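Spelled out from the first residue to the last, the chains are:
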Number of protein chains: 2
Amino acid sequence: MTPGLPHQGGDGGTAWRRIADALAASIEQGEYEPGDTLPASVALAERYGVHRHTVRQAFRHLAERGLVTVSRGRGTQVTAPRFPYKLGRRVSMRTNFGAAGIAVSGAVLASEVVVGAAEHCAVLGVPEGTPLWAIETLSRAGGTPVGTGIHYLSVERFPRFDEILTEAGSSITAAFKACGIPDYVRRSTRLAARLASEREAALLKIEPGAAVLTSDALDALPDLTPIHIVNSVFAGERMEMVVEPFGD
Amino acid sequence: MTPGLPHQGGDGGTAWRRIADALAASIEQGEYEPGDTLPASVALAERYGVHRHTVRQAFRHLAERGLVTVSRGRGTQVTAPRFPYKLGRRVSMRTNFGAAGIAVSGAVLASEVVVGAAEHCAVLGVPEGTPLWAIETLSRAGGTPVGTGIHYLSVERFPRFDEILTEAGSSITAAFKACGIPDYVRRSTRLAARLASEREAALLKIEPGAAVLTSDALDALPDLTPIHIVNSVFAGERMEMVVEPFGD
């Protein structure tokens, strides 16, 4: 048996899958670290006694699992694991990452008062055209930009929210506390994937045309009265959302 | 006031945002339908009395909201709305879409028995190296491919699952019923975004390099015993996942 390959039982599995699993195990055990380049397909083909096309298929599989990034010229690089972000009844980013020892910081990039769009006003339960804050923020985890979002809230209900959020380092939890709201909950999140716009790529420091995870979310008071919409864009390569319906 | 623009109160908002909101309202009211091309920026600039750069900023904003796709040569096209898929304690795709009158169909593309990878066996609570089914399926909603996935289950616990799933038209719910499991629940889902591989793009009939929403999920018996892993890839432009922690 070739060293490094897992035991192949009678049920076998295909050669590319076994090579992919062996490489995945090496990555998970830290033999290859994020940013490392895997050996070239020719070298691995020789090591495992297979055709280099088989190794390339293993690379493609690892790329589909998000473990590596295959690029022309730079070879096959190990991807850093994504920050897991739990989407439960409470969603504070600082609580999420703080538990993992990752410091979250944020900034308010821009704020303005807008005429509330019909869809936003309907969701917030205010008359169409109500003045709303539109506040753009950027969040970092461990110093790396992970997401940017636009927050919509009633100006009448939350006067000075732009200043309060700025003073709170863009922490929604802290800003709500400063407004006399000690607790809030996530009512709904709609998640989708698309390509980053140029501006989003610049803010998140990802390649233009990289994938982003979009999140259109609604927060509410504990009695489920909606108070806050946040439409966010997360760097697809850096974040993953974790949903555990029985975990709350 | 220019026709088609929402009322601009004293709090105003910027010109591009008002134009974007007016176009979004026209799209939501069906004045422009999916696949329609919006008027050129020059024409809209004249209609609204603004510079065409302002209209282009509105287009970019609509693209960021996923309402339109801006492409060189083809102009600014209205995107079809995404199919919403509720990620609750139960996740049957047929139940999800059936409620909206959308027919779901599916097919088994390939199946094999593999030596269970360490990560899969740990999650399923079986010894490392246990033979697992690796069954690839494709799902369509309303005839359009929306997702493709690989399902992992114990071969010992679910003998003949490949045939059963094929007979069930790739419905996991129906296949489990045929195995004597009338009910199952979603324990966890990890969602992320990345670019489609060539194979995924071909299966989902999306552009190579389009964004996909990835879902690594674990299903369990109602007592939460894990039985089924499914790692799926959904067309980013066609699907959105909806999480409502208080909705179950």
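Residues numbered from 1 in each chain as written. Chains lettered and ligands numbered in written order. Predicted model: local features only at pLDDT ≥ 70, side-chain atom pairs only at ≥ 80, totals over all residues. Heavy atoms only, no water.

Chain A is annotated in an unreviewed UniProt entry as Phosphonate metabolism transcriptional regulator PhnF from Bosea vestrisii.

A. Structural context of the overall build of chain A. Along chain A, the regular secondary structure elements total eight helices and 10 strands. The C-alpha radius of gyration computed for chain A amounts to 22 Å, which surpasses the reference 18 Å derived for 248 residues by more than 25%, pointing to a less compact arrangement than a globule. The principal-axis extent of the C-alpha atoms belonging to chain A is close to 70 × 40 × 30 Å. Going through the 248 residues of chain A one by one, you find that 50% of them count as buried. Surface accessibility of chain A: about 11200 Å² in total, with carbon and sulfur atoms responsible for 51%. Here chain A contributes 25 positively and 27 negatively charged side chains, and the mean placements of these two sets differ by 5 Å. (Helix = DSSP H or I, 4+ residues; strand = E, 2+ residues; numbered from the N terminus. Rg over C-alpha atoms; globule rule 2.2 N^0.38 Å. Buried < 20%, exposed > 50% of the residue type's maximum accessible area, 1.4 Å probe, protein only. Areas by Shrake-Rupley, 256 points an atom, 1.4 Å probe, with all protein chains shown as cover. Lys, Arg positive; Asp, Glu negative; His and termini not counted. Charge placed at Lys NZ, Arg CZ, Asp CG, Glu CD.)

B. Local environment of the confidence of the model for chain A. Residues at a pLDDT of 70 or more form 94% of chain A, whose mean pLDDT is 89. Under a pLDDT of 50 for its full length, residues 1-12 of chain A has, in the predicted model, 24 contacts with residues more than four places off or in other chains. (pLDDT = per-residue confidence, 0-100. Contact = heavy atoms within 4.5 Å.)

C. Structural detail: the packing of aromatic side chains. Residue and element names in this part refer to chain A. Counted by the stated rule, this structure contains 14 aromatic pairs over all chains. Ring centres of Tyr85 and Phe234 lie 6.1 Å apart, and the angle between their planes is 80°; this geometry places the pair in the edge-to-face category. Pair noted here: Tyr85 is in strand β3 (residues 83-86) and Phe234 is in strand β9 (residues 226-235), with a separation of 149 residues, a long-range link. The interplanar angle of 45° and the centroid separation of 5.7 Å between the aromatic rings of Phe161 and Phe176 together place this pair among those described as tilted. Of this pair, Phe161 sits in helix α6 (residues 161-167) while Phe176 sits in helix α7 (residues 172-178), placing them 15 residues apart in sequence. In this structure, Phe161 and Phe176 share a single accessibility class: buried. Here Arg47 stacks its cationic end above the ring of Tyr48, 6.0 Å away from the centre of that ring. (Phe/Tyr/Trp six-rings, centres within 6.5 Å; stacked < 30°, edge-to-face > 60°. Lys NZ or Arg CZ within 6 Å of the ring centre and 35° of its normal.)

D. Expanded view of helix α1 (residues 15-28) of chain A. When the terminal C-alpha atoms of α1(A) are compared, their 20 Å separation across 14 residues agrees well with the 20 Å that a helix rising 1.5 Å per residue should span. Where α1(A) ends, the next residue or the one after it, A:Gly30, has phi of about 85°, a positive value. (Expected span 1.5 Å × (residues − 1).)

E. A look at the relation of the copies chain B and chain A. The transform that puts chain B on chain A rotates by 180° and translates by 0.0 Å along the axis, for an RMSD of 0.0 Å. Taken together, these values place the two copies in the relation of a two-fold axis. Counting the interface residues of chain B, we find that 100% of their copies in chain A are interface residues as well, pointing to one common contact surface. (Least-squares fit on C-alpha atoms with pLDDT ≥ 70 in both.)

F. Layout of the sheet that holds strand β9 (residues 226-235) of chain B. Read from one edge to the other, the open sheet built from eight strands follows the order β3(A)-β10(A)-β7(B)-β8(B)-β9(B)-β6(B)-β5(B)-β4(B), with strand pairing classed as mixed. Two strands in the sheet have a free side with no partner beyond their single neighbour: β3 of chain A together with β4 (104-115) of chain B. In this sheet, neighbouring strand axes are inclined to one another by 20° on average, regardless of whether the strands run parallel or antiparallel. Sheet topology places strand β6 (residues 144-154) of chain B next to β9(B); six bridges connect them, and they run antiparallel. From the neighbouring strand, B:His151 faces β9(B), where its bridge partner is B:Val230. (Pairing = 2+ DSSP bridges. Axes fitted to C-alpha atoms, helices over the stretch in contact; angles between N-to-C directions.)

G. Focus on the nonpolar core. Ranked by internal contacts, the top residues of the largest apolar core, which has 34 residues, are A:Met239, A:Met241, B:Met239 and B:Met241. Setting aside residues up to four positions removed in sequence, B:Met241 forms contacts with A:Thr189, A:Arg190, A:Leu191, B:Tyr85, B:Leu87, B:Leu191, B:Leu213 and B:Phe234. (Core = buried A, V, L, I, M, F, W, Y, C linked by side-chain atoms within 4.5 Å.)

H. Quick peek at the interface of chain B and chain A. Taken together, the contact pairs 57 residues of chain B with 57 residues of chain A. Summing the contributions of chain B and of chain A, the shared interface buries around 4600 Å²; its carbon and sulfur component is 54%. Along the contact surface separating chain B from chain A lie four salt bridges. A salt bridge links B:Glu240 to A:Arg190, with the shortest nitrogen-to-oxygen separation between them at 2.5 Å. The interface formed by chain B and chain A holds 14 residue pairs in polar contact (both at pLDDT 80 or more) in total. (Buried area = accessible area lost by both parts, 1.4 Å probe. Salt bridge = Lys/Arg side-chain N within 4 Å of Asp/Glu carboxyl O. Polar contact = N/O pair within 3.5 Å; in protein donor to acceptor, adjacent residues only side chain to side chain.)

I. Focus on the pattern of salt bridges. Residue and element names in this part refer to chain B. Counted under the stated rule, the structure contains 16 salt bridges over all chains. In this structure, the salt-bridge partner of Asp183 is Arg90, at a minimum N-O distance of 2.7 Å. You can see Asp183 sitting in the loop between α7 (172-178) and β7 (185-195) and its partner Arg90 sitting in the loop between β3 (83-86) and α4 (93-98), a full 93 residues away along the chain. On the accessibility criterion, Asp183 (27% relative accessible area) is partly exposed.

J. Examining unusual backbone geometry more closely. One non-glycine residue, A:Leu224, adopts positive backbone phi at about 75°. Position of A:Leu224 among the secondary structure elements: in the loop between β8 (211-220) and β9. One non-glycine residue with positive phi stands out, namely B:Ser170, at about 70°. Here B:Ser170 shows up in the loop between α6 (161-167) and α7.

K. Here's a closer look at the sheet that holds β9(A). Pairing within the open sheet is mixed, and its eight strands lie in the order β4(A)-β5(A)-β6(A)-β9(A)-β8(A)-β7(A)-β10(B)-β3(B). Each edge of the sheet is formed by a strand with only one pairing partner; in this case those strands are β4 (104-115) of chain A together with β3 of chain B. Within the sheet, the average angular offset between the axes of one strand and its neighbour, ignoring direction, is 20°. Pairing between strand β7 (residues 185-195) of chain A and β8(A): 10 bridges, direction antiparallel. Paired with A:Ser188 across the strands is A:Leu218, a residue of β8(A).

L. Local environment of the environment of B:Val91. All names here are of chain B. Here Val91 is to be found in the loop between β3 and α4. Along the chain, Val91 and Leu165 lie 74 residues apart, while their C-alpha atoms are 17 Å from each other. Among residues more than four places away in sequence, those in contact with Val91 are Tyr85, Lys86, Asn96, Arg186 and Asp219.

M. Broad picture of the environment of B:Glu237. Here B:Glu237 is to be found in the loop between β9 and β10 (239-243). Using a relative accessible area of 38% as the deciding quantity, one classes B:Glu237 as partly exposed. For the pair B:Glu237 and B:Val146, spaced 91 residues apart in the sequence, the C-alpha separation amounts to 9.1 Å. In this structure, B:Glu237 is in contact with A:Ala193, B:Ala80, B:Arg82, B:Ile206 and B:Ala210, ignoring residues within four places of it in sequence.

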